[in-house]
Amino acid sequence: MNTQPHILFFSEIQEQHLGLVGGKGLSLAQLTQNRLPVPPGFCVTTPTYHQFVKENLSESVREEILHAYEKIGGGLVAVRSSATSEDGASYSFAGQQETFLGIEGGDALIEAIQKCWYSLNSDRARSYRAHQGVEDRHLAMAVVVQKLIDADVAGVLFTVDPLESQTGDQQIPELMLVEASWGLGEAVVSGAVQPDRFQIRRKEGGVHSQQLGSKKSRFSLSGKVPVPTELQQKACLNEDQIKELVKLGLKIEEFAKAPRDIEWAFHQGKCWLLQSRPITSAFQDREKYRKKLIDHLRQMTPPGGTIWFRFFLVEVLPAPTPLTWSLLDRFMLSGSGGTGKMYKEFGFVPAKKMENRSIYDLIAGRPYVNLAIEVFLQAEKPLFGYPLDKYRENLGLISRPKIDTSKKLRGFFGSIASYWSVLKSTKKITSSSKTFAHDFRSAILVKYLENLKPYQENRLEDMGERDLLAKLTQLIQLVLVDFASQSLKPTLFADFSLQVLEIQLKKYFSADVIPGILAELGANIEIPETEDLAHGIQSLSRSEMPQVTFLERFGHRGANEMELANPRWDENPDSIFARIVYDSSHKNSSLQKEKASIDNRWKELVEQGKIPSIIAKYLWGYVQNLRIYFGLREVAKHYFLLGYQQIRRYFLQIDRQYQLGGKIFYFTWNELVDLVSRTGIEKNHLEILEERVKEHRLALSLEVPVAIDSNHLDVIGKPIELPEHIREFKGTPLSPGSARATALVLTEISEVPKDLESYILICPSTDPAWVPLFVRAKGLVMESGGVLSHGAIVAREFALPAVANLPGILQQIKMGDMVHIDGNIGKVIILDPS
């Protein structure tokens, strides 16, 4: 007979109950039993979760929960997840499952508990566990129910400052770190405000340094409310409160025997402890990794230095796993890969040093373009380079790096040869662009799909590991080299046309309006419905396309789809269908193919700029190329990802046969080849995986700016300071038009609140998984992205004004702010409430 309890109060929980209550529940129990000020509460245990999954909650269990609720006094409570892998020494799971504040009454409590359980299998939580290498097999969730403290001020205490920690003989650094803001602590934990930050000397509790945040809003029981102006720049903690936090922190650290991350709240002068967990990505490991990374970057910095800039690839691959990165870096982006093969077709000769490397370097887990070597992808001795000295004076100048044609890298005679080579390559690009669209459809794509078909039809479960690897090697050559060299050409042709138009239009228009003109000329592209994802999602939202048809056409796409570790939509259809707004009467953002024809707009521009007819006729071909190749770029990517899906399928089969639990993506390609060449998996392979998962996690814990100067590498892992009190921002216009609406600020894809009918979407960048959010959007603002980016192209299809290249915009604009966006000039304005 199963006697495991459904309810355990904090006073009853012991260490052996960890599997029943999760890390958060056990931690709160330990705080309570050490007579520290913890609001009363209880845990709904994991056996209750299992009962809910199998057969829903029994009436007797519901009564137990309601009785426990009455026992702690009823009233307002906080309901938080406590997954069995949560708040451990390796993974924080912070923010991955749901938290509900201000819950009152029995029915509301039961509903909140069930929503916590549902969140264990949300896309966000699944993605987090996949990236951390956490298996789902033994995962379960307890739920913590705790009296809610209506905080006057709240925040987080790190008993060791993770940003200033040291390594070596000094095991415990001198400084603690406190982050605090007015109101409930959710504002600090969720990143919704810029909090006050205090570095505290742990011995005497004195303030070592403080940085006041712009605390424009606070979370209260009634929701998000403005903070009075006089309090926004006032420190929200006084000296006595800080000393009390230090005292409590030292007590917790003493019985935990390790540094802790503690959530706290002050209400009517009393401090309450809401949570305590180990400081994840332990400070020593984090600092060791940071220094190792900086040393590595110094060693690989070319003479004269370089600047690394995060753009283009980061839009579609923000934080690749080791296997994904090793494949793309070697087989697609290098001089000998698909990119190099494409360049060679146009007469460029990549430098020998680029044969087995790309122009990208991975810094703290993110891909950065190395501007000092980027030009070597086209020539052994390039003619021009980037103006690195100019950029060093102000890294903020780099919105889209451009070659400086006024400063030659070669001497007179070498320049003549290089000029001739560039002219020949330019002629080849121009000539090829006239026929490529037809050639791609009639021959290139047909051949690719024929060659891909056997790999789609292979029964992988009947194949051994070595056969799988052999087939996989051939498949990678087909997709990442042979087809990639063709599928990348539309981007090259479109970008080439943009550059020609930009250079020529500057003779007739002021430089500040050129980006808006280019974005407008790139609108109204044509993509066949069977390959047009934006149209598919729009049709799905209007119930015009059956779900089965959508999956047949677009099932190989998905969220963060350039990451091989991420599932495709046909593996988990709910991840897309659950986000579709089904409303056949909704007409907010229909795809406007009926807009004024681009030729009429071009005639207007010719007259407005007084462009000579002979020049206008010459440029008209490049205008047409924008429409052709913006669309063909999306089509080529659509079919590239069809092959990419098959690469993932082969990797997953190898993963299953070695029983790696999804961790295959933490090998590099060479390590995987070594594994398959042996008789079986060995201890060192498992050690590699364990270390790689840890290193990947450490890398992504480091803050990194958009641009990094090789002369100032210490910025890596340091807080990024943003300008304050700015209400107006200037970025790159991507799609014309203007709009104003409430800001929907998302750092990752999630469901839109049902009551939010329209909004300006503010996000890092977009991929296909974000497109359902465009249906009700009035405009789009992205941290990164260019006129050729996925977000720009789809925004123009949806006729949404869009602006990008605004680093830090997610911290500047807050959820619920009223925002005006002008996609014609690239302006975003935070409007005053009225």
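Residues numbered from 1 in each chain as written. Predicted model: local features only at pLDDT ≥ 70, side-chain atom pairs only at ≥ 80, totals over all residues. Heavy atoms only, no water.

*Asks:* Is there a simple way to think about the overall build of the protein in this case?
*Replies:* The secondary structure content of the protein amounts to 28 helices and 27 strands. A buried classification covers 55% of the 834 residues belonging to the protein. For the protein, restricting intrachain contacts to residue pairs at least 6 apart in sequence, the fraction spanning at least 24 positions comes to 69%. Roughly 36300 Å² of accessible area belongs to the protein as shown, and the carbon and sulfur atoms make up 51% of that amount. (Helix = DSSP H or I, 4+ residues; strand = E, 2+ residues; numbered from the N terminus. Buried < 20%, exposed > 50% of the residue type's maximum accessible area, 1.4 Å probe, protein only. Contact = heavy atoms within 4.5 Å. Areas by Shrake-Rupley, 256 points an atom, 1.4 Å probe, with all protein chains shown as cover.)

*Asks:* Whenever I open this one, the sheet that holds strand 15 (residues 360–363) confuses me. Can you help?
*Replies:* Each strand in a sheet pairs with its neighbour through backbone hydrogen bonds, running either in the same direction (parallel) or in the opposite one (antiparallel). Within the open sheet, the four strands sit side by side as 15-16-14-19. Their pairing is antiparallel. Whereas interior strands pair on both sides, the edge strands pair on one side only; in this sheet they are strand 15 and strand 19 (707–709). The mean angle between the axes of side-by-side strands here comes to 35°, regardless of whether they run parallel or antiparallel. Sheet analysis places strand 14 (residues 307–309) next to strand 19, joined by three bridges and oriented antiparallel. Across the sheet, the residue bridging to Phe-309 is Ala-707, located in strand 19. (Pairing = 2+ DSSP bridges. Axes fitted to C-alpha atoms, helices over the stretch in contact; angles between N-to-C directions.)

*Asks:* Would you mind showing me how to read unusual backbone geometry here?
*Replies:* Glycine aside, negative phi is the norm for most residues, and most peptide bonds take the trans geometry. Positive phi values are uncommon outside glycine, yet Gln-268 reaches one of about 50°. Locating Gln-268 in the fold gives a position in the loop between strand 12 (260–267) and strand 13 (270–278). Residue Gln-268 is classed as exposed on the basis of its relative accessible area, which comes to 69%. The backbone of Gln-659 shows a phi angle near 55°, a positive value even though the residue is not glycine. Mapped onto the fold, Gln-659 is located in the loop between helix 24 (613–658) and helix 25 (669–677). Take Gln-659: its relative accessible area is 73%, and that puts it in the exposed class.

*Asks:* Even after reading the chapter, I still don't get the pattern of salt bridges, so can you show me in this structure?
*Replies:* Close approach of charged atoms allows side chains of opposite charge to pair. Enumeration over the complete set of coordinates arrives at 28 salt bridges. A salt bridge links Arg-678 to Asp-674; the nearest nitrogen and oxygen atoms lie 3.0 Å apart. In this structure Arg-678 comes out as partly exposed when scored by relative accessible area, which is 33%. Judged by its relative accessible area of 27%, Asp-674 falls in the partly exposed class. Put simply, Asp-261, Glu-263 and Arg-277 are held in one network by salt bridges that share partners. (Salt bridge = Lys/Arg side-chain N within 4 Å of Asp/Glu carboxyl O.)

*Asks:* What exactly am I supposed to notice about the packing of aromatic side chains here?
*Replies:* Aromatic rings considered in pairs are described by the distance between their centres and by the relative angle of their planes. Tallying each qualifying case throughout the model produces 24 aromatic pairs. When the centroid spacing of 5.9 Å and the interplanar angle of 35° are considered together, the rings of Phe-550 and Trp-569 count as tilted. In this pair, Phe-550 sits in helix 21 (residues 547–554) while Trp-569 sits in the loop between helix 21 and helix 22 (574–577), placing the two residues 19 residues apart along the sequence. On the basis of relative accessibility, which here comes to 2%, the residue Trp-569 falls in the buried class. Through a chain of ring-to-ring contacts, the aromatic side chains of Phe-346, Phe-436, Phe-440, Tyr-448, Phe-483, Phe-493 and Tyr-629 assemble into a single cluster. Against the face of Trp-272 rests Lys-270, its NZ or CZ located 4.0 Å from the ring centre. The aromatic ring of Phe-376 is capped on one face by Lys-353, whose charged end is 3.8 Å from the ring centroid. (Phe/Tyr/Trp six-rings, centres within 6.5 Å; stacked < 30°, edge-to-face > 60°. Lys NZ or Arg CZ within 6 Å of the ring centre and 35° of its normal.)

*Asks:* Help me out: how do you make sense of the nonpolar core in this one?
*Replies:* Soluble globular proteins tend to pack their nonpolar side chains together in the buried interior. Ranked by size, the top nonpolar core spans 144 residues in total, and within it Leu-480, Ile-647 and Phe-651 carry the most contacts. Excluding its chain neighbours within four sequence positions, the residues that come into contact with Leu-480 are Leu-327, Leu-328, Phe-331, Met-332, Gly-338, Phe-640, Tyr-644 and Ile-647. Judged by nonpolar contacts, the second largest core, of 34 residues, contains Leu-31, Val-153, Val-178 and Leu-237. (Core = buried A, V, L, I, M, F, W, Y, C linked by side-chain atoms within 4.5 Å.)

*Asks:* In this structure, what is going on with the side chain of Thr-732? I would like to understand it.
*Replies:* Counting through the fold element by element, Thr-732 comes out in strand 21 (residues 732–735). Exposure remark for Thr-732: the relative accessible area of 17% places this residue in the buried category. A polar atom in the side chain of Thr-732 sits 3.0 Å from the side chain of Asn-805. Ignoring sequence-local partners within four residues, the contact set of Thr-732 consists of Ala-802, Val-803, Ala-804, Asn-805 and Gly-826. (Polar contact = N/O pair within 3.5 Å; in protein donor to acceptor, adjacent residues only side chain to side chain.)

*Asks:* Is there a simple way to think about the pairing of strand 11 (residues 223–226) in this case?
*Replies:* For a regular strand, side chains alternate in direction, first toward one face of the sheet and then toward the other. Judged from the four bridges that link them, strand 10 (residues 217–220) and strand 11 form a sheet pairing that is antiparallel. By the bridge assignment, Ser-217 is partnered in strand 11 with Pro-226. The loop that links strand 10 with its antiparallel partner strand 11 comprises two residues.

*Asks:* Would you mind showing me how to read the confidence of the model for the protein here?
*Replies:* When pLDDT is averaged along the protein, the result is 85, and 87% of the positions lie at 70 or above. Below pLDDT 50 for its whole length, residues 85–96 participates in 40 contacts with residues either more than four positions away or in separate chains. Taken together, the stretch residues 411–418 has pLDDT below 50 and engages in six contacts with residues farther than four places along the chain or on a different chain. (pLDDT = per-residue confidence, 0-100.)

*Asks:* In this structure, what is going on with the packing of helix 24 against helix 25? I would like to understand it.
*Replies:* To describe two helices that pack against each other, one gives the angle between their axes and the distance between the axes. Interhelical geometry of helix 24 versus helix 25 gives an angle of 45° and a closest axis separation of 13 Å. With respect to their mutual orientation, helix 24 and helix 25 come out oblique. Here the hand of the crossing between helix 24 and helix 25 comes out left-handed. On helix 25, the residues touching Phe-651, Ile-654 and Tyr-658 of helix 24 are Trp-669, Leu-672, Leu-675 and Val-676. (Parallel < 35°, antiparallel > 145°, perpendicular 65-115°, else oblique. Left-handed = near helix turned anticlockwise from the far one by under 90°.)

*Asks:* What am I meant to see in the environment of Thr-306 here?
*Replies:* By secondary structure assignment, the location of Thr-306 is in the loop between helix 9 (283–300) and strand 14. Separated by 402 residues in the primary sequence, Thr-306 and Ile-708 place their C-alpha atoms 8.5 Å from one another. In this structure the side chain of Thr-306 is engaged in a polar contact, spanning 3.1 Å, whose partner is the backbone nitrogen of Ala-372.

*Asks:* I keep staring at the packing of helix 20 (residues 533–541) against helix 21 and nothing clicks. Help me out?
*Replies:* Contact geometry of helix 20 with helix 21 gives a least axis separation of 10 Å together with a crossing angle of 170°. On the basis of the axis angle, helix 20 is roughly antiparallel to helix 21. The segment helix 20 lies against helix 21, with Leu-533, Gly-536, Ile-537 and Leu-540 engaging Gln-547, Phe-550 and Phe-554.

*Asks:* Looking at this model, I keep getting lost on helix 12 (residues 338–345). Mind explaining?
*Replies:* Residues lying three or four places apart along an α-helix face the same way, a consequence of the helix completing one turn every 3.6 residues. For helix 12, the complete set of buried residues consists of Gly-338, Thr-339, Gly-340, Met-342 and Tyr-343. Tucked into the core, helix 12 has its buried residues touching helix 11 (322–332), helix 17 (465–487) and helix 18 (489–505). After helix 12 finishes, the residue Gly-347 shows a positive phi value of roughly 95°.

*Asks:* Is there a simple way to think about the sheet that holds strand 13 in this case?
*Replies:* In space, the six strands of this open sheet follow the order 9-8-7-6-12-13, with antiparallel pairing throughout. If you trace the sheet from one side to the other, it starts and ends with strand 9 (207–211) and strand 13, each paired once. Geometrically, the sheet is characterised by an average inter-axis angle of 20° between neighbouring strands, direction not taken into account. Where strand 6 (residues 153–158) and strand 7 (residues 175–182) come together, six bridges link them in antiparallel fashion. Residue Val-153 lies in a different strand from strand 7, and its bridge partner there is Trp-182.

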